[in-house]
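As a plain string of letters, each chain reads:
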Amino acid sequence: MPLAEPHDRLTFNSSEFEQAFEATVGECSVITREEAERFVANGFVVIKGAFSRDYASHVAAQAWRELGEVHGVDQNDPTTWARPRPGQGPSGYARLKGSDKQHQLQSLAPRAFQAQADLVGGAHRFPFNGENLKWGEGVVSNLGMLDDPRWQPPAGKQPGWHKDGWHFRHFLNSPEQATVTVPLYSDIQPMSGGTYLAVDSVGPVARLLLDSPAGLHPDSVQGAGYLIPGLVDQCREFTELTGEAGDMVLLHPYMLHRVSINPSTRPRFIANMAPVLTEPMIFKREPDDPYSLVELGTLHALGQPSYDFQQERPMQGFKPSPFRNEDEKRKETVHLREEMREFAERGIVSPSWARDCGYMTNGEFVAN
Ligand SMILES: O=C(O)CCC(=O)C(=O)O
Ligand SMILES: [Fe+2]
């Protein structure tokens, strides 16, 4: 599904923004001007050859080993591929541990490291100048089933869309997830299990965050989050991630995405890395302090050359929903429902199709 041509270029006309973009591009060493433009306009970019194909093969081979040992999957027999989580979600979908090894990214893949540094406005914006940025060997597999009848092209009214970050309150300037970084450990052709993207979701998410200075509970945009359907309803452009082993896809941290069904027997292996920033993002910087491409992507989506964002509540960490005990679940449900009511009172109400696709809704809080 090729991207529409007009979105490949910056469309926001403002000399303040153009100067800021020039200053930022001038600091990039791996990301090219064209890639920077594409990222700011589209919210994602594929960095070709970000790490070696040899390393990708090593990780993929290890994934097959674990699929065999833990799940009884035989690489050469696609009829066994559905064994992890049979009947649930995509065929052969598993989160594999890989090994305990952690690679310092700067040594393993200098290009992957520098591209991420370029995106956030320099390695100094990572803790310890990024020296502690590591990649483990874990993998998300999506092995596929030939002609799986459940396959559908990417579209809005589908389950599973989400914004990454299940462990923090989401603000416009959140530092906990600098990017969604996706290394590709296998070649991914179209219709082969690549992650689906709501390409124009950065704008709706940015607008909601800008209008919500007290932030969003992570469960509102994760899993079955009640805010997701209203956000994807504002999206018109959907695509799927494709590329080759050794490529790295960098997504804007607001980009809504979802798992896809793989209707092929071309196995898909990726990971999902989430570097953090030392400081919250800033949307009003001085001329001698260049914006990051992520900040520029946010401003571009908002149609603002700069924005003085003020949080109305402190940053807050959360235990991710799947790891909460019963007591914690009850407590978070109370907090979430309180927020669902507040948002309904603000007129932000889940659309009627939300429930049919498995999302929560805050419709019950709307006064009749
Ligand atoms: O497996 C995929 O395609 C996407 C995974 C994902 O969205 C996640 O790990 O947060
Ligand atoms: Fe995700």
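Structure: above.
Attention here is on the structure that accompanies the text. (Residues numbered from 1 in each chain as written. Chains lettered and ligands numbered in written order. Predicted model: local features only at pLDDT ≥ 70, side-chain atom pairs only at ≥ 80, totals over all residues. Heavy atoms only, no water.)

As for the nonpolar core
This is how the line gets drawn: We call a set of buried residues a nonpolar core when its members are Ala, Val, Leu, Ile, Met, Phe, Trp, Tyr or Cys and they connect through side-chain atoms within 4.5 Å of each other. Classification of residues uses two cut-offs on accessible area relative to the type maximum, computed with a 1.4 Å probe and protein chains only: under 20% is buried, over 50% is exposed, and between them is partly exposed. Secondary structure is summarised from DSSP: a helix means a run of H or I of at least four residues, a strand means a run of E of at least two, and numbering begins at the N terminus for each.
Ile31, Phe44, Trp161, Tyr185, Tyr254, Phe269 and Leu293 are the most contacted members of the largest nonpolar core, which has 102 residues in total. The dominant element in this core, judged by the number of residues it contributes, is helix 3 (residues 53-71), at 7 residues.

Re the coordination of the iron ion (ligand 2)
For clarity, the cut-off: With water omitted from the atoms examined, metal sites may look incomplete; donors here are N, O and S atoms no farther than 2.8 Å from the metal, or 3.2 Å in the case of Na, K and Ca.
At this site the iron ion (ligand 2) is bound by His162 (NE2), Asp164 (OD) and His257 (NE2), with donor distances of 2.1 Å. Written as a sequence motif, the donor arrangement for the iron ion (ligand 2) is H-x1-D-x92-H. Of this pair, Asp164 sits in the loop between strand 5 (139-142) and strand 6 (180-183) while His257 sits in strand 10 (residues 256-258); the two residues are 93 residues apart in sequence, bridging distant segments of the chain. Its relative accessible area of 6% is what places His257 among the buried residues.

Observations concerning the site of ligand 1
Put simply, the rule is: Throughout, the term near means that a residue has one or more heavy atoms lying within 4 Å of the molecule or strand in question. Polar contact is defined as a pair of N or O atoms within 3.5 Å, subject to the rule that within protein one atom must be able to donate a hydrogen and the other to accept it, and that residues adjacent in sequence are counted only when both atoms are side-chain atoms. A 1.4 Å probe and the Shrake-Rupley method give the accessible areas. Residues count as covered only by the protein chains that appear here. Each residue gets one of three labels, nonpolar for Ala, Val, Leu, Ile, Met, Phe, Trp, Tyr, Cys and Pro, charged for Asp, Glu, Lys and Arg, and polar for the others, Gly among them.
Contacts to ligand 1 come from Tyr93, Arg95, Val140, His162, Asp164, Thr195, His257, Val259, Arg268, Ile270 and Asn272. Here His162 contributes a side-chain N or O atom positioned 3.1 Å from an oxygen atom of ligand 1. At 2.7 Å, a side-chain N or O of Arg268 approaches an oxygen atom of ligand 1. Contact with the protein chains covers 92% of the free accessible surface of ligand 1, which is 300 Å². Secondary structure elements with two or more residues in the shell around ligand 1: strand 2 (93-96) and strand 11 (268-270). For the shell around ligand 1, the class distribution of residues is 4 nonpolar, 4 polar and 3 charged.

Some details on the environment of Thr80
The condition that has to hold: Two residues form a contact once any of their heavy atoms are found within 4.5 Å.
Within the fold, Thr80 resides in the loop between helix 3 and strand 2. A sequence separation of 11 residues divides Thr80 from Ser91, and the C-alpha atoms of the two residues are 9.7 Å apart. Ignoring any residue separated from it by four or fewer positions in sequence, one finds Thr80 in contact with Gly72, Val73 and Asp74. Polar contacts involving the side chain of Thr80 include one to the main-chain amide nitrogen of Asp74, which spans 2.8 Å.

Observations concerning the packing of helix 1 (residues 15-27) against helix 2 (residues 33-42)
Which entries qualify depends on this criterion: Lines fitted to the C-alpha atoms define the axes, with helices restricted to the stretch that makes contact. Angles between their N-to-C directions range from 0 to 180 degrees. The cut-offs work like this: below 35 degrees is roughly parallel, past 145 is roughly antiparallel, 65 to 115 is roughly perpendicular, and the gaps in between are oblique. The hand of a helix crossing depends on one turn: near helix anticlockwise from the far one by less than a right angle means left-handed, and clockwise means right-handed.
Two elements in contact, helix 1 and helix 2, have axes separated by 11 Å at closest approach and are oriented at 130°. Accordingly, the angle class assigned to the pair helix 1 and helix 2 is oblique. When you trace helix 1 past helix 2, the crossing you get is right-handed. The residues of helix 2 that touch helix 1, namely those facing Phe17, Phe21, Glu22 and Val25, are Arg33, Ala36, Glu37 and Val40.

Notes on the pattern of salt bridges
Definition in use: Salt bridges, as used here, are contacts in which a Lys or Arg side-chain nitrogen is within 4 Å of a carboxyl oxygen on Asp or Glu.
For the structure on display, the rule yields 18 salt bridges. Taking the shortest distance from any N to any O, the salt bridge between Asp187 and Arg53 comes out at 3.3 Å. In this pair, Asp187 is assigned in the loop between strand 6 and strand 7 (196-198) and Arg53 in helix 3, connecting sequence segments 134 residues apart. Under the relative-accessibility criterion, Arg53 is labelled partly exposed at 45%. For the salt bridge of Glu328 with Lys319, the shortest nitrogen-to-oxygen distance reads 3.0 Å. Residues participating in the shared-partner salt-bridge network are Arg125, Arg285, Asp289 and Glu295.

Quick word on the environment of Pro149
Looking at the element boundaries, Pro149 is found in the loop between strand 5 and strand 6. Along the chain, Pro149 and Asp187 lie 38 residues apart, while their C-alpha atoms are 23 Å from each other.

Structural notes on the layout of surface pockets
Short version of the rule: Only protein atoms enter the 1 Å grid used here. Points where a 1.4 Å probe fits but cannot escape make up a cavity, open sets with protein on both sides within 12 Å along at least five of seven lines make up a pocket, and a residue lines them when an atom lies within 4 Å of a point. Grid points are joined across faces, edges and corners, and a volume is the space filled by probe spheres set on the points.
Approximately 1200 Å³ is the volume attributed to the largest pocket. What lines the largest pocket is a set of 44 residues, among which Tyr93, Arg95, His162, Asp164 and Val259 lie closest to the centre. Taken together, the residues of the lining of the largest pocket break down into 19 nonpolar, 17 polar and 8 charged.

Details of helix 1
Helical geometry: 3.6 residues make up each α-helical turn, so side chains three or four residues apart lie on a common side. Stated formally: A helix is expected to span 1.5 Å multiplied by its residue count minus one. Along the arc lie the directions from the helix axis toward the C-beta atoms.
An ideal rise of 1.5 Å per residue puts 18 Å on 13 residues; helix 1 measures up with 19 Å between its terminal C-alpha atoms. By the burial criterion, the buried members of helix 1 are Phe17, Ala20, Phe21, Thr24 and Val25. Mapping the buried residues of helix 1 onto a view down its axis gives an arc of 130°, with all of them on the same face. The outward face of helix 1, more than 90 degrees from its buried face, is lined by the exposed residues Ser15, Gln19 and Gly26. At its buried positions, helix 1 is contacted by helix 2 and helix 8 (293-302).

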